[in-house]
Amino acid sequence: MPTDPALPRLTIAGTTVSVVGRARIYVCGVTPYDVTHLGHAATFVWVDAADRVLRRLGVHVEVCRNVTDVDDVLFDAAARAGAPYDRFAAVQQYHFDHDMDLLGVRRPAHEPRAHTYIGPVVELARALLDSGHAYTAAGSVFLRGEPVATAAGLDRPAALELLASNGGRVDDPAKHDPLDQAVWQASTEDDPAWPSPWGPGRPGWHAECTAMALSTYGPGLDLHAGGADLRFPHHAFEAAQAEAATGVSPFARAWMHVGTVQLDGEKMAKSLGNLVFVSDLLAQVPGPVVRTLLLDRRYGQSWDHTPALLDAAGARLEALHGAAGRPHTDPVAQAAVLAALADDLDVPRALDLAIAEGGQAARDLAAVLAL
Ligand SMILES: [Zn+2]
């Protein structure tokens, strides 16, 4: 479909997402081991907003949202529940899909599952060994991490701290350098394992996303999204591996990092026991109220959730719907609302304009953002 030259183009974090053909969006999905919390939902609702705004601007969009079903935390949770990891993941995935449906998140065009991409990870590891970016040790394949940390602008202590708090196994004695990260991880006896040229093992977390993104789209993406806490090590290693293996740089033309949702100043985390579950909120209010809560802010901003914010989101949505009921049609106001959305997804400005102007401008915004 030809795009209308009168429509603006989407800009994300200073990069114009100019698209020839389809827009290729990749977002790091869930590790299906627990119930969806507000922090997860924020990322996927924001990707859905980017998807819907691009579509409104006439772009053909494909979203790829992976399922990280090969992961230590998932294996541990499945073992505690006494279930095979793949069956345990499938049940969690069902609940996740249900929450996303109620939130009005469009189903992605591609939903690759890590456990079916073992072959591409092995090929990725071989390519990284061939190019000298990786080495083998004790049945694992490690990517050299120092250049990745440097490219991310992190000094050694900062990089090590982030790796240590993100499952980066900095104390693995097989590594030449604690910064190195497994592309292929030799499995211990109890873990699920697959055969490889280096012995039984499983993909490294970052390598899974690299393999799934490259398998789905080829060597480049238009927009890569994920939680801000994935910036390093996950996204940095994912991109470094892709660029080293394909020779195509940048791996992602634009990055959308969604801010962290906090409770009383602390990031929501299972380990802290401070999770706000999406299903609990959806039992209180309709999906569009939760969407408004998540979207009526800048996507990169971290924020503190409080029950009062849910009430405020409900009032804001009511104001939008009230404004949409006015018969007024002003093409200039409608264009201004669309321009705000195209400008780094500035939903608060778009909502302010739509509520003030009303009529078609408000109806258009409600339709674009599924509010
Ligand atoms: Zn990822």
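Residues numbered from 1 in each chain as written. Predicted model: local features only at pLDDT ≥ 70, side-chain atom pairs only at ≥ 80, totals over all residues. Heavy atoms only, no water.

Engineer: Can you tell me about the pattern of salt bridges, naming the residues and giving the values?
Structural biologist: For the structure on display, the rule yields 19 salt bridges. A salt bridge links D222 to R24, with the shortest nitrogen-to-oxygen separation between them at 2.9 Å. Placement of the pair is D222 in the loop between α7 (205–217) and β9 (223–227) and R24 in strand β3 (residues 22–27), with a sequence separation of 198 residues. Of the charged contacts, one joins D346 and R298 as a salt bridge, the two residues approaching to 3.4 Å between their closest N and O atoms. Residue D346 is found in the loop between α12 (331–342) and α13 (347–357), and its partner R298 is found in the loop between α10 (287–295) and β13 (303–304); the two are separated by 48 residues along the sequence. Residue classification places R298 among the partly exposed positions, given a relative accessible area of 30%. If you follow the salt bridges from partner to partner, you end up with R298, D343, D344, D346 and R349 in one network. (Salt bridge = Lys/Arg side-chain N within 4 Å of Asp/Glu carboxyl O. Helix = DSSP H or I, 4+ residues; strand = E, 2+ residues; numbered from the N terminus. Buried < 20%, exposed > 50% of the residue type's maximum accessible area, 1.4 Å probe, protein only.)

Engineer: Summarise the coordination of the zinc ion; cite the residues concerned and give the values.
Structural biologist: In ideal tetrahedral geometry, four donors around a metal make angles of 109.5 degrees, whereas ideal octahedral geometry with six donors gives angles of 90 or 180 degrees. Listed as protein donors to the zinc ion are C28 (SG), C209 (SG) and H234 (NE2); their distances from the metal cover 2.0 to 2.1 Å. The sequence pattern formed by the donor residues of the zinc ion is C-x180-C-x24-H. Residue C28 is found in the loop between β3 and α1 (38–56), and its partner C209 is found in helix α7; the two are separated by 181 residues along the sequence. (Donors = N, O, S within 2.8 Å, 3.2 Å for Na, K, Ca; no water.)

Engineer: Let's hear about the side chain of H224: which residues, and what values?
Structural biologist: Position of H224 among the secondary structure elements: in strand β9. For H224, a relative accessible area of 0% puts it in the buried group. Dropping the residues within four chain positions of it, H224 is found in contact with Y26, C28, H235, E238, F251, A252, A254, W255 and M256. (Contact = heavy atoms within 4.5 Å.)

Engineer: Kindly report on the pairing of strand β4 (residues 60–65), identifying the contributing residues and their values.
Structural biologist: Two faces make up the sheet, and in a regular strand the side chains alternate between them. For β4, the buried fraction is high: 5 of the 6 residues fall into the buried class. In this sheet, β4 lies alongside β3 in parallel orientation, the contact comprising 6 bridges. Along β4, the bridge assignment pairs Y26 with C64. Following the backbone out of β3, through α1 and into the adjacent parallel β4, one traces a crossover that is right-handed. (Pairing = 2+ DSSP bridges. Right-handed = clockwise from strand over helix to strand, strands pointing away.)

Engineer: Quick rundown of the pairing of strand β6 (residues 140–143)? Include the residues and the values.
Structural biologist: Here β6 shows a buried face lined by S140 and F142 and a second buried face lined by V141 and L143. In this structure, strand β5 (residues 134–137) lies alongside β6, joined through 4 bridges in antiparallel fashion. Looking across to β6, one finds that A134 is bridged to L143. Adjacent in sequence and paired antiparallel, β5 and β6 are bridged by 2 residues, among which A138 carries a positive phi angle near 50°. Bridge count between β6 and strand β7 (residues 181–186): 3 bridges; the pairing is antiparallel. The partner of F142 across the bridge, within β7, is A182.

Engineer: Please set out the packing of aromatic side chains residue by residue, giving values where relevant.
Structural biologist: A ring pair, where both rings are aromatic, is described by two values, the distance of the centres and the angle of the planes. Per the counting criterion, the structure on display carries 7 aromatic pairs. With centroids separated by 5.3 Å and ring planes inclined at 80°, the aromatic side chains of F75 and Y85 adopt a geometry described as edge-to-face. With F75 in helix α2 (residues 72–81) and Y85 in helix α3 (residues 85–102), this pair connects stretches of sequence that are 10 residues apart. On the numbers, 6.3 Å between centres and 50° between planes, the contact of W184 with W198 is tilted. Placement of W184 in strand β7 and of W198 in the loop between β7 and β8 (201–203) is noted, with a sequence separation of 14 residues between them. We note that W184, like W198, is buried. Counting every residue linked through ring pairs, the aromatic cluster contains F75, Y85 and W194. In this structure, R65 is placed above the aromatic ring of F44, and the distance from its NZ or CZ to the ring centre is 5.5 Å. Above the ring of W303, the side-chain terminus of R297 is found at 3.6 Å from the ring centroid. (Phe/Tyr/Trp six-rings, centres within 6.5 Å; stacked < 30°, edge-to-face > 60°. Lys NZ or Arg CZ within 6 Å of the ring centre and 35° of its normal.)

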